[in-house]
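The chain contents come next:
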2 protein chains.
Amino acid sequence: MYICLMYSKELLKGTLKTIILKMLSESDSMYGYQITQKVKEITEGKINLTEGALYPALHKLEADGLLTTEKKTVGNRVRKYYSLTQTGNGRAKEKVEELKEFMETLKVIVNLTPQNLAWSN
Amino acid sequence: MYICLMYSKELLKGTLKTIILKMLSESDSMYGYQITQKVKEITEGKINLTEGALYPALHKLEADGLLTTEKKTVGNRVRKYYSLTQTGNGRAKEKVEELKEFMETLKVIVNLTPQNLAWSN
DNA sequence: AAATATACATAACTTTCTTATGTATTTGTT
DNA sequence: AACAAATACATAAGAAAGTTATGTATATTT
């Protein structure tokens, strides 16, 4: 069964890394699967990060020096915990700020009325 | 010279069609170049739609029956005016609503604190 | 015992944009 | 008058960033 409470997934494009960085900036460390579950939880199922996007993104962020990893064995299974580097912490703030500003700009468009569209030619 | 006041363009991905539909829903009709200029104007230069993205998107929306076109000759030059069909008008409202909801959900993430992240395990 | 959830990973493919290029007219500048 | 910049459209090659599918393996629930 495939229930999709999500938005048109196109919208999510471009926000994934920012979401990852923000999640990690509010936590000491998280592992991949945990990030997907936390995001699903706090967005009430509206954002479901797919593994095919998440893991490559985490690897990229690590390769870029924004994340470090530490493997922890729980039972018989290995979890890979990610945490922000100092650089990653700075980048997280930048990316979140950028996203906030972008949302403000989008607001201008979605709240557009014929009046404020027409005030100039 | 290439001044870029824009956000990381990734964020814009997935929002183009919604922006086009919203612009047209607040106007009788607009032509392509006019849309780019209006969007640039109302966002104070923060969103610059590129022609390489805009025109194919307009063609796609027309092919999908959401837009109709009317050519008007101004001087010696032909402008292609786009307007929403009835279907397009409905779709515009859906897409804008979807974008608004998505922005609300993103707000939950960007305003996240360790407290509301930690309330459940 | 079987199905579902947890946990990671990667490869093929698609979508959607960027960048570059092309054509042509109009307007502003020197 | 000549040239640059702006207006106005179009499309093609390539990049970026996802989705979908698949694989592996353990743990938990039914």
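Residues numbered from 1 in each chain as written. Chains lettered and ligands numbered in written order. Predicted model: local features only at pLDDT ≥ 70, side-chain atom pairs only at ≥ 80, totals over all residues. Heavy atoms only, no water.

**Examining the pairing of strand 3 (residues 77-84) of chain B**
Residues and elements named next belong to chain B. As paired elements, strand 1 (residues 30-31) and strand 3 share two bridges and run antiparallel to each other. Across the sheet, the residue bridging to Met 30 is Tyr 82, located in strand 3. As paired elements, strand 2 (residues 67-74) and strand 3 share eight bridges and run antiparallel to each other. The residue of strand 3 that forms the bridge with Val 74 is Arg 77. Turn length for the strand 2-strand 3 hairpin, with the two strands adjacent in sequence and antiparallel, is two residues, and the turn residue Gly 75 shows positive phi of about 70°. (Pairing = 2+ DSSP bridges. Helix = DSSP H or I, 4+ residues; strand = E, 2+ residues; numbered from the N terminus.)

**Looking at empty space enclosed by the protein**
As enumerated under the stated definition, the model contains one cavity of 30 Å³ or more in all. Taken as a whole, the largest cavity encloses approximately 70 Å³ of empty space. For the lining of the largest cavity, the elements supplying multiple residues, two or more each, are helix 4 (86-110) of chain A together with helix 4 (86-110) of chain B. Per-class residue counts for the lining of the largest cavity are 10 nonpolar, two polar and no charged. (1 Å grid on protein atoms, 1.4 Å probe; cavity = no way out; pocket = protein on both sides within 12 Å on 5 of 7 lines; lining within 4 Å. Points joined across faces, edges and corners; volume = space filled by probe spheres on them. Nonpolar A, V, L, I, M, F, W, Y, C, P; charged D, E, K, R; others polar.)

**Comments concerning the pattern of salt bridges**
All names here are of chain B. Applying the stated criterion across every chain, the model contains 12 salt bridges over all chains. A salt bridge links Glu 41 to Lys 38, with the shortest nitrogen-to-oxygen separation between them at 3.6 Å. Taken together, the residues Glu 41 and Lys 38, both in helix 2 (residues 32-42) and three residues apart, mark about one turn of the helix. Measuring nitrogen to oxygen at the nearest pair gives 3.8 Å for the salt bridge that ties Arg 91 to Glu 94. Here the residue Arg 91 and the residue Glu 94 both occupy positions in helix 4, the gap between them amounting to three residues, near one helical turn. Its relative accessible area of 51% is what places Glu 94 among the exposed residues. (Salt bridge = Lys/Arg side-chain N within 4 Å of Asp/Glu carboxyl O. Buried < 20%, exposed > 50% of the residue type's maximum accessible area, 1.4 Å probe, protein only.)

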